[in-house]
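# Commentary on secondary and tertiary structure
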Amino acid sequence: MAFEPVIGLEVHAQLKTKTKIFCSCSTAFGKSPNANTCPVCTGMPGVLPVLNKQAVTFAIKAGLATNCTINRESRFDRKNYFYPDLPKGYQISQFAMPIAEHGFLDIEADGTEKRIGITRIHMEEDAGKLIHDPLRGKSMVDLNRTGVPLIEIVSEPDLRTASQAGAYLRKLHAILKYIDVCDGNMEQGSFRCDANVSLRPVGQEKFGTRTELKNLNSFKNVEKAILYEIQRQTYVLEEGGEVIQETRLWDPTKNRSASMRGKEEAHDYRYFPDPDLVPLIVDDAWIQDVRAGMPELPEEKKQRFITAYNLSEYDAAVLTADLDMANFFEQTITPLKNIKQAANWIMTTLMGMLNAKAIEISESPVSAHEFSKLLGLLESSRINANAAKTVFEQMIETGQDPESIVKEKGLEQVSDQGELEGMVDEIIQENPDEVQAYRDGKTKLFSFFMGQVMKKTRGKADPKVVTPMLKSKL
Amino acid sequence: MNLHTLTIAQAQDLLAKKEISSVDLTRAFLDRIDKYDNTISAFITVDPGLALKQAEQADQMIAKGKSQAFTGIPVALKDVLCTKGVRTTCASKILEHFVPQYDATVVEKFKAQDAVLIGKANMDEFAMGSSTENSAFFVTRNPWDTDHVPGGSSGGSAAAVAARFCAGAVGTDTGGSIRQPASHCGVVGLKPTYGRVSRFGVVAYASSLDQVGPITRDVTDAAMMLNLMGGHDPKDSTSAPEQMPDFTKGIAMFKEKGLSGMTLGIPREFLNLKGIDPEVKTMFESARKTLEGLGVTIKEISLPHSNYAVAAYYIIAPCEASANLARFDGVRYGYRDMDSDDLIEMYKKTKSKGFGPEVQRRIIIGTYSLSSGYYDAYYGRASQVRALIMDDFKRAFDACDIILSPVAPTPAFKIGEKVEDPLTMYLSDIFTLSCNLAGIPGISVPAGISSTGLPMGLQMMSRHFDEMSLIRAGYGFEQAVNHIELPEF
């Protein structure tokens, strides 16, 4: 029997507010344990939450950017469970009435386009974290993260493959970064993903039993964990077994998941409206304000790149997938004429370097300004493509500017007619057999002569000058 | 002069004229606490040194001409209000040694005027109870008859005012916890409109019902204290932005035009309730006549859903409490059981040993009522009933300005009488609960004394944010009724 996977994703994104969602403590990452705490976020007796308006604005922004309806009235609820990193014994979240609903994202995966529904976006506070000290047999509580604002973005179960899940997640990640509400750092946990996966016989409408996958801290792991889970469930079903509803934890080092807790251990969160907070009313003016401040989204930017820069659909998609990359591209091409050449250099040489170093564009050792200067030298024929690669490598290594590398290494192109003519004459004299063969019709030998010129100039000859010269002399 | 007999208004006047000092006044109260509180047990914490220091500071401010309404006035606080640097126990073992790093907004307001905070008053643990017998530490006795309870949960505050251990006291009222002990102790208790007084720093029992208010010797003092305590607080999202009038104007209004033009409603549902003491009925009948004598129109009105108030309250309040009290888990502060081997055991033992039986009972009721599969039948249904009760009041206030009822179905009962029977105890809140469910203000004014020598109070309720009418009518009634002298001792 053939099975169809059904996948839904739940994404927790930390909002980039300066202060926490219900108190005025800083949200800065990496402070010493419990430095960013106060009576409110440590759950002291008698204290009360006051909602951070900026967090609401960011949530509205995320809702609009993912085509959601913003609810004019939403509500905060208490999600009750006990854990030492949850000081109040409940998390303030939105359960029955979230701030945004009924959105979608259009993705491209497996060679086709697909619209993925977004069920809801709701706001909530983050929990703290435990630090276990096995040597002393103690666990310590750090409440710095407690009360940092989150939005949870829940997709419809519209995804069918791991690559669709990856594409959806990358798109969502790009959008949140574009609109500047989340820094998107998956390692620090500012962008976290859980996946719900189930299988059903092809053609069946009813969903199968699902499992929830946790600890998916990179795009790759999300895809790997989903693939693994599809295979695991397929195996279970094909062997005549039943999938058990459970939460599974992905182990990225072992490339497999293991059961964390079953259905019977699932929490009963006893949600009810938080009486300490009044209903959140969002009026049209607030929504209009957010809409007016909305930056260009990835899709819009891609279309603009296609029309304004005459880029292919593919190139525009690659360059706009990440906001920092798109900005790098636009800064690079500002003084340049040959945009296609700049796009190619970014997509091959620059991105190749980033991949090799496993770093983000924001961490690139070469700035857009310097990179633009390098391409400027290429565009004005002061260096050729080979030399440009050498200069780029030197720039990464030393951080020098391209101009001084060219001077220092003598990489400037030889374009002088007289100088080159003398060389071409010499080469023709030195290689009579090849000249004869060329003249007899072996035109492929042209590259041999070009190679000889490059050899004499140590790669610096300007092919635009040499080519016609060689042709006429031969 | 017996300084301890002064009302807030009288003391204020004499302090301003510099005829008395705050230190003398404070000392007079401290002397009485020293002498009689081992009998009454109104206070959990009294720090005479700190109180006298605050009194000295107040006297200096008065000398400098920087006196405000409450400068130098000794006030008691229910031990549910957080006081920076002074332990705040909620009469619970779990917070026995808890010292807050912050003041409740209400406490800040008293401090800003250099009031003297004379002590932290006993209460039912976490404000859950109607007799102050649920205090984890000791029972407070009624100053009128020490075999009887003072009511609750603000029993320590009411007893302290009645015993003249302070000029006035702050209480909290979730289902009658200011009005009922005030009634049982022969003093005035005012529960303001929900949102009128900030709840910041008040340890929460049931957040949608809790409200802070004054317990005083008379209505004038209650108006003065509400003036100080009320007002919008940005630290409390449920605090109302409504303007704060000068509530003593209600007294001026009475002096100017009496109660003419006011319509008072008596809910017919309350008249035929079972279990009302005949003496309470007699008191109510004579209170009605007294008010009629003041020229009000009295109407019978209907609160059709009032029969369901107790049931709804004892679902909603425990539900909220079950979440509010979750934070007392032994992890960060308060009592922790140290003999546990793992986290779950630590949670269980901490809560089982730290909370008293009534608190545990309400946490369990609340947890159950919110559980998946029961939510709709309990919390959901109770919330619907609450909405109906609100509508009842809205309609009732189309026909009248004030709703009249007794505060409690009986005078103060004997210590131990109802401890074994929580349901009967819950029913003693029957007249006061709906006020909290509806969020409207209510006042308890002494109305008479039973044949056994125990005081009984009259309750008046008014529209949201119309405490002014309660002050006006309450003051009028207080002037017209036979003066009730507090017990001598």
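Nothing here was measured: the structure is a model prediction, and the numbers come from that model. (Residues numbered from 1 in each chain as written. Chains lettered and ligands numbered in written order. Predicted model: local features only at pLDDT ≥ 70, side-chain atom pairs only at ≥ 80, totals over all residues. Heavy atoms only, no water.)

A separate point is the pattern of salt bridges. Across all of its chains, the model carries 49 salt bridges over all chains by this definition. Taking the shortest distance from any N to any O, the salt bridge between Asp77(A) and Arg75(A) comes out at 3.5 Å. For Asp77(A), a relative accessible area of 1% gives the class buried. The network of salt bridges with common partners includes Arg78(A), Asp274(A), Asp276(A), Arg199(B) and Asp236(B). (Salt bridge = Lys/Arg side-chain N within 4 Å of Asp/Glu carboxyl O. Buried < 20%, exposed > 50% of the residue type's maximum accessible area, 1.4 Å probe, protein only.)

Attention now goes to the nonpolar core. With 230 residues, the main nonpolar core has Ile226(A), Phe110(B) and Phe126(B) as its most contacted residues. It is helix H11 (residues 309-324) of chain B that provides the largest number of residues to this core, a total of 11 residues. Apart from the residues lying within four places of it in its own chain, the contact partners of Phe126(B) are Cys90(B), Ser92(B), Ile94(B), Leu95(B), Val203(B), Tyr205(B), Leu325(B), Phe328(B), Phe355(B) and Val359(B). Among the nonpolar cores identified, the runner-up in size contains 43 residues, and Leu319(A), Ala342(A), Val391(A) and Ile396(A) belong to it. (Core = buried A, V, L, I, M, F, W, Y, C linked by side-chain atoms within 4.5 Å. Helix = DSSP H or I, 4+ residues; strand = E, 2+ residues; numbered from the N terminus. Contact = heavy atoms within 4.5 Å.)

Per the UniProt record, the feature "domain: Asn/Gln amidotransferase" (unreviewed entry) sits at residues 327-474 of chain A. Secondary structure across residues 327-474 of chain A divides into 70% helix and 0% strand, with the first and last C-alpha atoms of the span separated by 48 Å. (UniProt positions renumbered as here; feature names shortened; annotations may be inferred.)

Turning next to the domain arrangement of chain A. Segmenting chain A into domains produces domain 1 (3-289), domain 2 (296-409) and domain 3 (417-473). Inter-centroid distance (C-alpha atoms) of domain 1 of chain A to domain 3 of chain A is 65 Å. (Domains from an automatic or database assignment.)

The next point concerns helix H6 (residues 313-320) of chain A. Residues and elements named next belong to chain A. Taken together, the buried positions of H6 are occupied by Asp315, Ala316, Leu319 and Thr320. Along H6, the residues classed as buried sweep out an arc of 115° about the axis, all on the same side. Where H6 is buried, its residues touch helix H2 (162-178), helix H5 (298-309), helix H7 (323-333) and helix H8 (339-357). (Arc of directions from axis to C-beta.)

What follows concerns the UniProt feature "active site" (unreviewed entry) in chain B. Residues and elements named next belong to chain B. Here the UniProt feature "active site" (unreviewed entry) sits at Lys78, Ser153 and Ser177. Spatially, the listed residues are clustered: although they cover 100 residues, their C-alpha atoms lie within 10.8 Å of one another. By the secondary structure assignment, Lys78 is in strand S2 (residues 74-78). Owing to a relative accessible area of 0%, Lys78 belongs among the buried residues under this scheme. In contact with Lys78, not counting residues within four places along its chain, are Lys120, Ala121, Met123, Ala127, Ser153, Ser154, Ser157, Val170, Gly171, Thr172 and Ser177.

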